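Listed below, chain by chain, are the residues.
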Amino acid sequence: MADEQARTARRGPGRPREERVTRAVLDAVVELVTENGMSALTMDAVAGRAGVSKPAMYRRWATKQDLVIAAAESRIGPLDVPDMGDFRAELRAVLAARMEAYRQPGINRLLAGVIGAASESGAGRDAYRDYTARVMSETRHLLERGVARGDVRADVDVPAAATLVAASLAFRMVGEQQLPDEELVDSVVDLISRAVAALP
């Protein structure tokens, strides 16, 4: 017991430092991309901005690709929407959360960089695909839950519908160069809900 307590005491102070280092590095990635775009993003630049050593970074993220994905996921990560008993309300919750995330400073450049890097990453595309799957997982879950509940059509193409939901706000920001807003959220909620609604 004493040995275990000693090990715990030794580990205790390390976790807050680990979290501080992780937060500083991911914040540095977003700041650099915000200021100068993805072209300014090097491991040296991130280490300098974050005030950490490159070995400390490489222990957490083996490649720049891993680092970019981690930074994106720190700002645009998986969601967990409770069962509200209504698909439309749940979809609104997802889109409202995404809208708030996308309106953070620099997220437009970061997301554009993630999309661009994914198209050029060769064998590393699986990492981006996995990240996208995590980000979209709650929308797929809501659709499946709606089917089980009966307010979403049983024959709905869940992957296609989830893609439409995810693409709406992302393309407004990256492709159209406008921040998504409440009006867009309202429109997408209405369009998707009507498209997938189970017949009365």
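Residues numbered from 1 in each chain as written. Predicted model: local features only at pLDDT ≥ 70, side-chain atom pairs only at ≥ 80, totals over all residues. Heavy atoms only, no water.

The next thing to look at is the environment of arginine 98. If you trace the backbone, arginine 98 turns up in helix H6 (residues 87–102). Considering only alpha carbons, one finds arginine 98 and glycine 77, 21 residues apart in sequence, at a separation of 9.2 Å. Every residue in contact with arginine 98, bar those within four places of it in the chain, is listed here: Ile76, Gly77, Pro78, Leu79, Val135 and Leu169. Engagement of the side chain of arginine 98 in a polar contact is seen with the backbone oxygen of valine 135, the distance being 2.9 Å. (Helix = DSSP H or I, 4+ residues; strand = E, 2+ residues; numbered from the N terminus. Contact = heavy atoms within 4.5 Å. Polar contact = N/O pair within 3.5 Å; in protein donor to acceptor, adjacent residues only side chain to side chain.)

Right, let's talk about the side chain of serine 193 for a bit. Mapped onto the fold, serine 193 is located in helix H10 (residues 182–196). If we ignore the near neighbours within four places in the chain, the residues touching serine 193 are Phe87, Arg88, Leu91 and Val188.

Here we take up the packing of helix H7 (residues 107–120) against helix H9 (residues 158–174). The interhelical angle for the contact between H7 and H9, taken along N-to-C directions, is 105 degrees, at an axis separation of 9 Å. On the basis of their axis angle, the class for H7 and H9 is roughly perpendicular. Residues Ile107, Asn108, Leu111, Ala112 and Ile115 of H7 touch H9, and the partners they reach there are Ala170, Met173 and Val174. The residue inventory of the contact of H7 with H9, partitioned by class, reads seven nonpolar, one polar and no charged. (Axes fitted to C-alpha atoms, helices over the stretch in contact; angles between N-to-C directions. Parallel < 35°, antiparallel > 145°, perpendicular 65-115°, else oblique. Nonpolar A, V, L, I, M, F, W, Y, C, P; charged D, E, K, R; others polar.)

A positive phi is found at glutamine 177, a non-glycine position, where the angle reads about 60 degrees. Note that glutamine 177 resides in the loop between H9 and H10.

Okay, the pattern of salt bridges next. Counted by the stated rule, this structure contains 16 salt bridges. For arginine 149, the salt bridge is made with aspartate 83, and the minimal N-O distance between the two is 2.8 Å. Within this pair, whereas arginine 149 is found in helix H8 (residues 125–149), its partner aspartate 83 is found in the loop between helix H5 (64–75) and H6, the two being separated by 66 residues in sequence. Residue aspartate 190 pairs with arginine 88 through a salt bridge whose shortest N-O separation is 3.4 Å. Here the residue aspartate 190 occupies a position in helix H10, and arginine 88 occupies one in helix H6, the gap between them amounting to 102 residues. (Salt bridge = Lys/Arg side-chain N within 4 Å of Asp/Glu carboxyl O.)

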